[in-house]
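# Close look at the chain arrangement
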Amino acid sequence: MRGKLMFLTGLAAGFVMGSRAGREKYEEIRSSAQKLWEHPTVQEAAGVAQAQANKLYTEGKDKLQSSKLGEKLNTTGTTGATGRSTDTTDELLAPSDSLTAAPKGSSTGTTY
């Protein structure tokens, strides 16, 4: 019980101290991070990483589709609740939107 009380006391103290720094400190950290992200060297490295990720994705997709498992997934398909046949491979291999990079200088729409 004493440990829980100490934890809660520390949590409360951290909250109070953190809130004293306030919004100004948060905005300062945020603007510094944004400046870093917009730096040309960082953008170049992000572009290289994106290109490598896309290359690995397509290579993996091709290997899976040419494997026995990929062939089995392509030929069997599944029947969903609607009675339609769905291709399982497309569901497994669909790229996520989080991997697509926003063009330089554009906002991703996230506001803080």
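Residues numbered from 1 in each chain as written. Predicted model: local features only at pLDDT ≥ 70, side-chain atom pairs only at ≥ 80, totals over all residues. Heavy atoms only, no water.

### Considerations on the overall build of the protein
When you go through the protein residue by residue, the secondary structure sums to four helices and two strands. Starting at the N terminus, the α and β elements of the protein follow one another as α-α-α-β-β-α. Across the 112 residues that make up the protein, the buried fraction comes to 6%. Partitioning the contacts of the protein with sequence separation of at least 6, the portion at a separation of at least 24 is 41%. Roughly 9700 Å² of accessible area belongs to the protein as shown, and the carbon and sulfur atoms make up 61% of that amount. (Helix = DSSP H or I, 4+ residues; strand = E, 2+ residues; numbered from the N terminus. Buried < 20%, exposed > 50% of the residue type's maximum accessible area, 1.4 Å probe, protein only. Contact = heavy atoms within 4.5 Å. Areas by Shrake-Rupley, 256 points an atom, 1.4 Å probe, with all protein chains shown as cover.)

### So, a nonpolar patch on the surface
A cluster of nonpolar side chains, Phe-7, Leu-8 and Leu-11, forms an exposed patch at the surface whose accessible area comes to about 340 Å². Along the chain, Leu-8 turns up in helix H1 (residues 2–38). (Patch = residues over 30% accessible without salt bridge, like charges linked within 9 Å, V, L, I, M, F, W, Y side chains within 5 Å. Salt bridge = Lys/Arg side-chain N within 4 Å of Asp/Glu carboxyl O.)

### Let's talk about the confidence of the model for the protein
Of all residues in the protein, 63% have pLDDT values of 70 or greater, and the mean over the chain is 74. Mean pLDDT across the secondary structure elements of the protein bottoms out at helix H4 (residues 88–93), with 49, and peaks at helix H2 (residues 40–66), with 93. Predicted confidence is poor over residues 97–101, with pLDDT under 50, and the contacts of this stretch with residues over four places away or in other chains come to three contacts. (pLDDT = per-residue confidence, 0-100.)

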